[in-house]
Amino acid sequence: MEDIIVKGKNYKMPFSKGILARSLTAAGLKPSIAYKISWDIYENLKKENIKEIEKSELRRRVYYYLISHNYDEIAERYLLWRVFLEKKPLTILIGGASGVGTSTIAFEIASRLGISSVIGTDSIREVMRKIISKDLVPTLYESSYTAWKVLRDFNEGDTKKLYIRGFERHAESVLVGVEGVIDRAMVEGLNLIIEGVHLVPSLLKPKYLDNPYIIFIMLTVEDEDMHKMRFYARSKISERPKERYLKHFKIIRLINDYLVDNAKKMGIPVINNVSISKTVESCLNIITDRLREVIKFEGLNEDELIDEVF
Ligand SMILES: Nc1ncnc2c1ncn2[C@@H]1O[C@H](COP(=O)(O)OP(=O)(O)O)[C@@H](O)[C@H]1O
Ligand SMILES: O=C(O)[C@@H](COP(=O)(O)O)OP(=O)(O)O
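Conventions we followed
- Here, residues in each chain are numbered from 1, in the same order as that chain's written sequence.
- Starting at A for chains and at 1 for ligands, labels are handed out in the order in which the entities are written.
- Owing to the predicted nature of the model, reporting of local features is limited to residues with pLDDT of at least 70; listing and counting of side-chain atom pairs is limited to 80 or more, with chain, interface and lining totals taken over all residues.
- In computing side-chain properties, one takes all heavy atoms of the structure into account and sets aside hydrogens as well as water.
- Each pair of strands is called paired provided DSSP finds at least two bridges between the two strands.
- A run of H or I in DSSP counts as a helix once it spans at least four residues, and a run of E counts as a strand once it spans at least two, with each numbered from the N terminus.
- All axes here are fitted lines through C-alpha atoms, helices being fitted over the stretch that makes contact, and every angle between N-to-C directions spans 0 to 180 degrees.
- Whether two residues are in contact is decided by their heavy atoms, any of which lying within 4.5 Å being enough.
- Working definition: residue near molecule or strand if any one of its non-hydrogen atoms lies within 4 Å of it.
- Whenever two N or O atoms come within 3.5 Å, that pair is a polar contact, provided that in protein one can donate a hydrogen and the other can accept it, and provided that, for residues adjacent in sequence, both atoms are side-chain atoms.
- Note on areas: these come from Shrake-Rupley sampling with a 1.4 Å probe, and a residue is covered only by the protein chains present in the view.
- Salt bridges, as used here, are contacts in which a Lys or Arg side-chain nitrogen is within 4 Å of a carboxyl oxygen on Asp or Glu.
- Partly exposed describes any residue whose relative accessible area lies between the buried limit of under 20% and the exposed limit of over 50%, with all areas from a 1.4 Å probe on protein chains only and scaled to the type maximum.
- Definition used in this section: a nonpolar core is a set of buried Ala, Val, Leu, Ile, Met, Phe, Trp, Tyr and Cys residues joined via side-chain atoms within 4.5 Å.
- Those domain boundaries reflect an automatic or database domain assignment.
- Under the scheme applied here, ten amino acids are nonpolar (Ala, Val, Leu, Ile, Met, Phe, Trp, Tyr, Cys and Pro), four are charged (Asp, Glu, Lys and Arg), and all others, including Gly, are polar.
- Once two parts are joined, some of their accessible surface, as seen by a 1.4 Å probe, is lost; buried area is that loss totalled over both.

Quick notes on the sheet that holds strand E2 (residues 12-14)
If you walk across this open sheet you meet the three strands as E2-E1-E3, and the pairing is mixed. Among the strands making up the open sheet, the edge pair consists of E2 and strand E3 (52-54). Neighbour-to-neighbour, the strand axes of the sheet open up by a mean angle of 30 degrees, direction not taken into account. Direction of pairing for strand E1 (residues 5-7) relative to E3: parallel, over a ladder of three bridges. Paired with Val 6 across the bridge in E3 is Ile 53. Sitting on the sheet, helix H3 (residues 55-68) is in contact with E1 and E3, with an inclination near 80 degrees to E3.

Listed below in structure tokens is the structure:
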């Protein structure tokens, strides 16, 4: 069966039902429905004996197929993301204490949105450790939950404040690297997801928090036993021993509570990460809502978007 060729600005590629299905799941459709619609659209093109189609025409057909089948909200999301994932670089920040699921959720969202750049703050921390000496910033060479041990003002304040002060010093150094990665992604027009414990809303420079194209979401696990179980689960699939995290669990919970409180104070949405699918859906809704706000802010309406995309 001869392929249908999809023609972009400077490329041609065979029509892929998988690629189309993924852009439909990103707009919120269940994979089974997304794949069925992709098949329908492919069959319709075959019936019209279309051998080659412009990408913009294919998008238009997908959009109006969704509208004609009463998937209005999905159609709007499909449109929104065509604009933003191709026109304006988005940076999505997924924060949360160790073990709450930031890397798991980050990769799920990246997969749904077709974002290929995902970086963990613990990786950025490793880079910062190559640049900054241990004598200069000893907290950088610790974990979030042990940094307090190397504070100079070790004896001041109550222990809870000490743990959090150590965490903040630890996170500040990593955030310098985080901000650099965001700057570079914006310059390159790259969509990016950054995840990790070091994303402390109040420690990020305001220009990042105020940027409408930087979407910050904080994860938590409200139930302590469920949070503990996450370390057991992770130790089965990675080299990271549960013992280390369970030994410092009390401080990890303090950091969790501090991050949740910090996020709420800064107007950052907080999601209790119980079910992966529900958490991803909530994140996609938050991202879509932001895109709607930005479109209104930019004075664009849906017809203009349709013209811009198709
Ligand atoms: N919503 C969830 N339900 C069940 N298990 C989860 C969920 N989110 C994450 N996990 C699991 O919990 C463990 C820790 O998740 P991870 O993403 O590594 O946390 P973090 O990056 O925040 O330290 C992993 O084994 C992951 O598969
Ligand atoms: O510093 C920390 O809290 C964790 C963050 O990693 P995640 O558990 O969030 O992946 O790093 P580690 O102690 O494992 O080197």
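Digging into the site of ligand 2
Taken together, Ser 98, Asp 122, Arg 125, Ser 143, Ser 144, Tyr 145, Val 197, Arg 234, Arg 240 and Tyr 245 make up all the residues around ligand 2. In the model, an oxygen atom of ligand 2 is placed 2.6 Å from a nitrogen or oxygen of the Arg 240 side chain. Contact between ligand 2 and Tyr 245: an oxygen atom at 2.5 Å from a side-chain N or O atom of the residue. The protein chains hide 88% of the 380 Å² of surface that ligand 2 would expose on its own.

Structural notes on the pattern of salt bridges
Pairing between side chains becomes possible if they bear opposite charge and their charged atoms approach one another. In this structure the tally under the stated criterion is 19 salt bridges. One salt bridge connects Arg 60 with Glu 57, and the closest N-O pair in it is separated by 2.9 Å. A residue pair is termed a helical-turn pair when its members lie 3 or 4 positions apart in one helix, as Arg 60 and Glu 57 do in helix H3 at three residues. Residue classification places Arg 60 among the partly exposed residues on the basis of a relative accessible area of 33%. The class of Glu 57 is partly exposed, set by a relative accessible area of 25%. In this structure, Glu 281 and Arg 77 form a salt bridge, with 3.6 Å as the shortest nitrogen-oxygen distance. Residue Glu 281 is found in helix H12 (residues 276-297), and its partner Arg 77 is found in helix H4 (residues 72-87); the two are separated by 204 residues along the sequence. With a relative accessible area of 25%, Glu 281 lands in the partly exposed category. Several salt bridges converge on common partners, so that one network encompasses Glu 48, Glu 57, Arg 60 and Arg 61.

A short note on the nonpolar core
Judged by nonpolar contacts, the single largest core of 94 residues is most densely connected at Leu 24, Leu 66, Ile 109, Leu 113, Ile 255, Leu 259 and Ile 287. Counting residues per element, this core draws most heavily on helix H7 (residues 159-188), which supplies 10 residues. Taken domain by domain, this core gets at least three of its residues from each of domain 1 (5-70) and domain 2 (91-298). Other than its neighbours up to four places away in sequence, Ile 255 contacts Ala 97, Ser 144, Tyr 145, Ile 164, Phe 167 and Val 197.

A short note on the site of ligand 1
The environment of ligand 1 is formed by 16 residues, the closest being Gly 99, Thr 102, Ser 103, Thr 104 and Arg 234. Note that an oxygen atom of ligand 1 is positioned 2.7 Å from one of the side-chain N or O atoms of Arg 234. One of the side-chain nitrogen or oxygen atoms of Asn 273 is found 2.8 Å away from a nitrogen atom of ligand 1. Taken by itself ligand 1 offers 560 Å² of open surface, and the protein chains cover 82% of this. At the level of elements, helix H5 (102-113) and helix H9 (224-237) are the ones that each hand at least two residues to the shell around ligand 1. Across the shell around ligand 1, the residue classes break down as six nonpolar, eight polar and two charged.

Topic: the domain arrangement of the chain
Domain assignment breaks the chain into domain 1 (5-70) and domain 2 (91-298). Once you take the C-alpha centre of each, domain 1 and domain 2 turn out to be 36 Å apart. Every contact between the two is made by four residues of domain 1 and, on the other side, five residues of domain 2. Where domain 1 abuts domain 2, roughly 360 Å² becomes buried across the two surfaces, and 46% of that area is made up of carbon and sulfur atoms. The three residues of domain 1 that bury the most area against domain 2 are Arg 22, Thr 25 and Ala 26, which together make up 83% of that side's buried surface. The interface formed by domain 1 and domain 2 contains zero salt bridges. Taken together, the connections running from domain 1 to domain 2 amount to one residue pair in polar contact (both at pLDDT 80 or more). Of the residues contributing to the side of domain 1 that touches domain 2, the split by class is one nonpolar, two polar and one charged.

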